[in-house]
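Spelled out from the first residue to the last, the chains are:
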Amino acid sequence: MYHSISPATTPDPHLLRVHPHRLGAQLRALRRLRLRGVSLAELVAARDRGEGAGLVALTFDDGYLDFLEYAVPVLDRHGMTGTVYVVTDRLGGENDWDEGPRLPLMDADQVRRVAAAGHEVGSHSATHAHLSGLDAAALRAEVAGSRATLEDVLGAPVHGFCYPYGDVDAAAADAARDAGYDHACVTRDYSVGDRHTLPRFYVGQRDTGPRLAAKLVRHLVARARVR
């Protein structure tokens, strides 16, 4: 799980940012481990066929403009793809759900460029709201409504969803299923690990190759415990 990929040197209090050079080093580390980064949709489909060995999903939350500017070129150089999750009511805006630095988000045309480059575009809700505890109408707007908006933008089906803040309860997971998403992901929560609560782990600027490898091992061990 990544967020911002940028060479900026401004304050990063939420530890969202990974420098493009560090991302490149992390992708090289994956290659040394004989792993190829792909979108979550590609990984899920491969696992359905029993062909998921050697693949790891790379996800990028929030839909920052720097994904197009910096992440896509690095991914292309390594022959890898990823999934970027966009907040549909904030396209072309900023991450106003965070306190602190404001970062620009991709607009509709830029999101289409990302999809045309071979990356999966998924929904990260309509407004980046905490979903657990929301009433049914609000959940539909955030989950199903964002899918409809994004499908209009892309002119294609949207299969993936990401719960903002990793905040999910049973009703939110049901809302993702009912909205027609094929898969959805959370953060760090290995308690269920089904198709609509797929766990991920955070990757940051401090994650060198050995640290990334250790995180992968911990992730696989945690996943194995819920099977």
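Throughout, residues of each chain are indexed from 1 in the direction in which the sequence is written. Reporting in this predicted model follows two pLDDT cut-offs: at least 70 for local features of residues, and 80 or more for side-chain atom pairs to be given and counted; totals over whole chains, interfaces and linings ignore these cut-offs and use all residues. Side-chain metrics rest on all non-hydrogen atoms present in the structure, leaving aside hydrogens and water.

Q: Help me out: how do you make sense of the pairing of strand S6 (residues 83-86) in this one?
A: When accessible area is computed with a 1.4 Å probe and restricted to protein chains, residues below 20% of their type maximum are described as buried, those above 50% as exposed, and intermediate ones as partly exposed. We count a stretch as a helix when DSSP gives it H or I for four or more residues in a row; a strand needs E for two or more, and each element gets its number in order from the N terminus. Side chains of S6 alternate between two faces, with Thr 83 and Tyr 85 and Val 84 and Val 86 buried alike. Handedness is read with the strands pointing away from the viewer; a crossover is right-handed when the path from the first strand over the helix to the second is clockwise. Handedness of the crossover is the feature at issue here: the chain leaves strand S5 (residues 59-62), passes through helix H3 (residues 65-77), returns alongside S6, and the resulting connection is right-handed. As paired strands, S6 and strand S7 (residues 120-123) are joined by 4 bridges and run parallel to one another. Looking across to S7, one finds that Tyr 85 is bridged to Gly 122. Taken together, S6, helix H4 (residues 108-116) and S7 constitute a β-α-β crossover, and its handedness is right-handed. Two strands are counted as paired when DSSP detects at least two bridges linking them.

Q: Whenever I open this one, the side chain of Asp 61 confuses me. Can you help?
A: Mapped onto the fold, Asp 61 is located in strand S5. Under the relative-accessibility criterion, Asp 61 is labelled buried at 4%. Between N or O atoms, a polar contact is any pair within 3.5 Å; within protein, one atom must be a potential hydrogen donor and the other a potential acceptor, and residues adjacent in sequence are included only when both atoms are from side chains. Polar side-chain contacts of Asp 61 include one of 2.8 Å to the side chain of Arg 200. In contact with Asp 61, not counting residues within four places along its chain, are Met 1, Tyr 2, His 3, Tyr 85, His 124, Cys 162 and Arg 200. Note on definitions: a residue-residue contact is assigned when non-hydrogen atoms from the two residues lie within 4.5 Å.

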